[in-house]
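Secondary and tertiary structure notes
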Amino acid sequence: MTATCVLPPGEAGALRRGACPSIAAPMRTGDGLLVRLRPVATALTAQDLLALADLARAHGNGLIEITARGNLQLRGLTEASVPRLAAGLAAAGITPQTGVAIEVPPLAGIEPAELADAVPLADALRAALADAALSLAPKLAVVVDGGGVLFLADMVADIRLDAVAGAQGLAWRLSVGGDRATARAVALLPGERAVEGVMTVAAALAAIGPAARGRDLDPALLAAALGADPVPPLSAASPVHPLGAHRIGTETVLGLAPAYGQIHADRLAALVRALAGCGATEFRLAPHHTLLVRGLRAQMLAAAQACAMRERVWSTQDAPGRAVSVCAGAAGCAAASFDTHAAADALVAEAGDLLDGSFDVHVSGCPKGCAHPAAAAVTLCGTAAGVGLILGGRAGDAAAAILPADALRPALTRLGALLRARRAEGETAGNLIDRTAPATLVSAYQGQQ
Ligand code: SF4
């Protein structure tokens, strides 16, 4: 296998924010260049992950991220080191995907509960899109969801194909611009027309222009172009978070997530070696910043989870830090004015019992708010003057109060104590925050109770 993407001299960092940072077009961030990649191989070995850790350390600053869509990001590269990374990946036999991102469930092809193996259809789509060479949006996303325990119900895409079992047998529901519940239906297609359906949508996008997304399309016009009948609604389905242990057929698959989506290469290597000692044979990248581990011996599951905890990797769905969205912060971004990961750790230590998932918490190194662009119930945001508290707003909104970074932990202690004292039995923390006057929360933050 070969990695064909090599950075042209002088073009490093030319990518604008919002485009897709690949090896050919890395993105400049506060800690150098960032490269996002998804290996072609869905199943990675321990050797693959160890090679990736070595490459991240040798050519970047060692920080590795798993994104919400299950891609890898290596940080802290330079214009000189990106081509060496490409060569190193090739030498390790790791080929990054290129072209339109086509996502399938992480256990596609091996899940007994799936309706269809999405991989062959995704491969056929990849080939058709490459042949057509259409000018499409760089961040265009296609989901092919064959079902199964870890299906992609909550994965937003420009184009979706969802497997549906009907009276006529298996069919693929084509839809545009959303997740399984919100994407607008276009057509119900037999397997042999699924590629044609996606290519019809892709051609319509290309006709609008290279910035067009699924939301810009008219499903009725697409259905007419395909000569398709009206589409029945999809049955309701709640996605299963990949974090934690899952029974898949006769095996147990363990979903692990690096704390706040980021791990250092040294910790990743230590974790992979420890998991291999617990029987792990295969690793798969998955949505929600997750790495799935296969092959663990049943009696070694607890040991594997303990190894994960030692390396700051979550292995259960009740990890309180999961409720906190955190950007790279001072450890990985020059724009950050404080250590967001340390702040999130302090939040977990001082108020972990309140992080019950009923409200969004966002810790942002600066007002840009990369980790959570939408409003959150509580945001801690770095500013030139200190760490701002924003209630019910975005990181870029005006802070209700600002404290020096070294005063943050006592402020979190006060907020935790206040909320605990006011909490009714069985009440969610989200409800508690909703019914607490903002001025009361601000006073606690400032130490003016
Ligand atoms: S929000 Fe965080 S990652 Fe984004 S620019 Fe600001 S400090 Fe950097």
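My aim in this report is to walk through the structure given alongside it, one point at a time. (Residues numbered from 1 in each chain as written. Predicted model: local features only at pLDDT ≥ 70, side-chain atom pairs only at ≥ 80, totals over all residues. Heavy atoms only, no water.)

1. Some remarks on the overall build of the chain
- Within the chain, the regular secondary structure consists of 11 helices and 20 strands.
- In summary, the chain has a C-alpha radius of gyration of 23 Å against a globular reference of 22 Å for 449 residues, a match within 12%.
- Structurally, the chain occupies a C-alpha span of about 65 × 50 × 50 Å along its principal axes.
- When the 449 residues of the chain are sorted by exposure, 51% land in the buried category.
- Each charge sign in the chain was given a centre, from 35 positive and 38 negative side chains, and these centres are 4 Å apart. (Helix = DSSP H or I, 4+ residues; strand = E, 2+ residues; numbered from the N terminus. Rg over C-alpha atoms; globule rule 2.2 N^0.38 Å. Buried < 20%, exposed > 50% of the residue type's maximum accessible area, 1.4 Å probe, protein only. Lys, Arg positive; Asp, Glu negative; His and termini not counted. Charge placed at Lys NZ, Arg CZ, Asp CG, Glu CD.)

2. Here's the deal with the pairing of strand β3 (residues 63-66)
- Where burial is concerned, the two faces of β3 agree: the one with L63 and E65 and the one with I64 and I66 are both buried.
- Relative to strand β4 (residues 72-77), β3 runs antiparallel, the two being bridged by 3 bridges. In the strand pairing of β4, E65 is matched with Q73.
- Hairpin geometry of β3 and β4 is characterised by an intervening segment of 5 residues between the two adjacent antiparallel strands and by a positive phi of about 80° at G70. (Pairing = 2+ DSSP bridges.)

3. Things to note about the packing of helix α1 (residues 46-59) against helix α2 (residues 81-92)
- In the contact formed by α1 and α2, the axes pass within 10 Å of each other and the chain directions differ by 165°. In terms of orientation, α1 and α2 fall into the roughly antiparallel class. As α1 packs across α2, the resulting crossing turns out to be right-handed. For the pair α1 and α2, the contacting residues are D48, A51, L52, L55 and H59 in the first and S81, R84, L85, G88, L89 and A92 in the second.
- Residue composition of the contact of α1 with α2, grouped by class: 6 nonpolar, 3 polar and 2 charged. (Axes fitted to C-alpha atoms, helices over the stretch in contact; angles between N-to-C directions. Parallel < 35°, antiparallel > 145°, perpendicular 65-115°, else oblique. Left-handed = near helix turned anticlockwise from the far one by under 90°. Contact = heavy atoms within 4.5 Å. Nonpolar A, V, L, I, M, F, W, Y, C, P; charged D, E, K, R; others polar.)

4. Regarding unusual backbone geometry
- The phi dihedral of H288 falls on the positive side, at around 60°, and the residue is not glycine.
- Take H288: it is sitting in the loop between β13 (282-286) and β14 (290-294).
- The phi angle at H289 is positive, at roughly 60°, despite the residue not being glycine.
- Of note, H289 is situated in the loop between β13 and β14.

5. Here's the deal with the nonpolar core
- Ranked by internal contacts, the top residues of the largest apolar core, which has 43 residues, are I64, L89, L256, L275, F283, V293 and L296.
- At 8 residues, α1 tops the list of elements feeding residues into this core.
- Those residues in contact with F283 that sit more than four places away from it in its chain are T42, A43, L44, T45, A46, L49, V272, L275, L291, L292 and V293.
- Formed by 39 residues, the second largest nonpolar core is a distinct cluster that contains V324, L412, A429 and Y445. (Core = buried A, V, L, I, M, F, W, Y, C linked by side-chain atoms within 4.5 Å.)

6. Here we look at helix α8 (residues 340-351)
- The end-to-end C-alpha separation of α8 is 16 Å, in line with the 16 Å expected for 12 residues at 1.5 Å each.
- Of all the positions in α8, only T340, H341, A343, A344, A346, L347, E350 and A351 are classed as buried.
- Contacts from the buried residues of α8 go to β12 (262-264), β16 (324-326), β17 (361-364) and α9 (408-422).
- The N-capping residue of α8, defined by a side-chain oxygen 3.1 Å from the backbone nitrogen of H341, is D339. (Expected span 1.5 Å × (residues − 1). Polar contact = N/O pair within 3.5 Å; in protein donor to acceptor, adjacent residues only side chain to side chain.)

7. Considerations on the packing of aromatic side chains
- In the structure shown here, the tally under the stated rule is 1 aromatic pair.
- Relative to W314, the ring of Y260 has its centre 5.3 Å away and its plane inclined at 90°; by these criteria the two rings are edge-to-face. In this pair, Y260 is assigned in the loop between β11 (251-258) and β12 and W314 in strand β15 (residues 313-314), connecting sequence segments 54 residues apart.
- Classification of Y260 by relative accessible area gives buried; the value is 11%.
- Judged by relative accessible area, W314 falls into the buried class, the value being 17%. (Phe/Tyr/Trp six-rings, centres within 6.5 Å; stacked < 30°, edge-to-face > 60°.)

8. Concerning the sheet that holds strand β2 (residues 32-37)
- On the basis of which strands lie adjacent, the open sheet formed by 5 strands has the order β1-β2-β4-β3-β12 and antiparallel pairing. The outermost strands of the open sheet, each flanked by one partner alone, are β1 (27-29) and β12. Averaged over all neighbouring strand pairs, the angle between strand axes comes to 30°, with direction disregarded.
- Strands β3 and β12 of the sheet are contacted by helix α6 (residues 265-277), whose axis makes an angle of about 85° with β12.

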